[in-house]
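Coordinate analysis (summary)
Next come the chains, spelled out residue by residue.
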Amino acid sequence: MNESTKFQDGISLYNKRDYNGALTFFLSLPEDQEIDNIDLAYYIGLCYARLNRNEDALLYLEQVVTSGNVENPRRRTLREERILQCRYILSVIYALSGRRKLAQLELTKLLEANFRPANVYASLAFCAWEDGMVEASINFYKKAIEIDSDNVTALNGLGYVLACENRDLTTALMYCKKALSLNPASAACLDSLGWVYLKLGLMSDSVRYLMQAKQLLPENPEIAEHLRLAQEI
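To start, this report covers the structure provided alongside it. The model shown is predicted, which means the values in this text are computed figures rather than measured ones. (Residues numbered from 1 in each chain as written. Predicted model: local features only at pLDDT ≥ 70, side-chain atom pairs only at ≥ 80, totals over all residues. Heavy atoms only, no water.)

Note on pairing: side chains with opposite charge can pair once their charged atoms come close. On inspection of all chains with the given rule, the structure shows 13 salt bridges. Each of Asp 36, Asp 39, Arg 79 and Arg 82 takes part in salt bridges that share partners, so that together they form one network. (Salt bridge = Lys/Arg side-chain N within 4 Å of Asp/Glu carboxyl O.)

Now the structure itself:
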């Protein structure tokens, strides 16, 4: 079996969502194998990201991102698509870990390359919200929805932000309901809808959705706090 065929075995494991198996496979490949190191870093980084081992993922995803540039945003090679994909994953990891300046830098580069603009604007909205920039967050979420009216992250995020600010709660309810209809198994969407109902004073509905969110993410402190507030009122 040649090295290329061996590598395809690892990709097959990844495509079957056996991320632990794929990671073990890729890491066990001998150093003298005839496989492109960037291709290998790409799949190892993806495996770590899928397994929520974000700091490990960074080491490999950054190798891919620094391996080249995107010359033509309108006609991209497979390598360039992977660079942009890894840049987006990096931005998410940076944002979630509080490194929002780095996240914003990556997101700006993605916008320049016209890569998944709705998702990029939704990510920028999250960063702005975390930095206390409410108006910027709302505007970024609206921009994402203008581009993709079914973008779950943007719909849910905008509904949640409006609820937190006690602004236009009827519209917030509409956004959160639509987000949940598009992703009914999302704990985040269930939590946001429950939060909007709490703000509207509809406690039975609030508790119902927050309980469902807590069942999916029992250790999440934000969901637990929302549920506590709904049950105490």
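A few words now on helix α8 (residues 134-147). For α8, spanning 14 residues, the distance from its first C-alpha to its last is 20 Å, which sits close to the expected 20 Å at 1.5 Å a residue. Residues of α8 that are buried include every one of Val 134, Ser 137, Ile 138, Tyr 141, Ala 144 and Ile 145, and no others. Along the axis of α8, the buried residues cluster in a sector spanning 125°; they form a single face. Summarising the contacts, the buried residues of α8 are in contact with α7 (117-130), α9 (152-164) and α10 (169-182). (Helix = DSSP H or I, 4+ residues; strand = E, 2+ residues; numbered from the N terminus. Expected span 1.5 Å × (residues − 1). Buried < 20%, exposed > 50% of the residue type's maximum accessible area, 1.4 Å probe, protein only. Arc of directions from axis to C-beta. Contact = heavy atoms within 4.5 Å.)

A few words on the packing of helix α3 (residues 37-50) against helix α5 (residues 78-96). At a minimum axis distance of 11 Å, the contact between α3 and α5 shows a crossing angle of 30°. Here α5 runs roughly parallel to α3, going by the angle between their axes. For α3 against α5, the interelement crossing comes out left-handed. Two secondary-structure elements touch here, α3 through Ile 38, Asp 39, Tyr 42, Tyr 43, Leu 46 and Ala 49 and α5 through Arg 79, Arg 82, Gln 85, Cys 86 and Ile 89. (Axes fitted to C-alpha atoms, helices over the stretch in contact; angles between N-to-C directions. Parallel < 35°, antiparallel > 145°, perpendicular 65-115°, else oblique. Left-handed = near helix turned anticlockwise from the far one by under 90°.)

It is worth spelling out the nonpolar core at this point. Residues Phe 7 and Phe 26 are the most contacted members of the largest nonpolar core, which totals 79 residues. Per-element tally for this core: the top contributor is α3, with 10 residues. The contact partners of Phe 7, leaving out residues within four places of it in the chain, are Phe 25, Phe 26, Leu 29, Ile 35, Asp 39, Leu 40 and Tyr 43. (Core = buried A, V, L, I, M, F, W, Y, C linked by side-chain atoms within 4.5 Å.)

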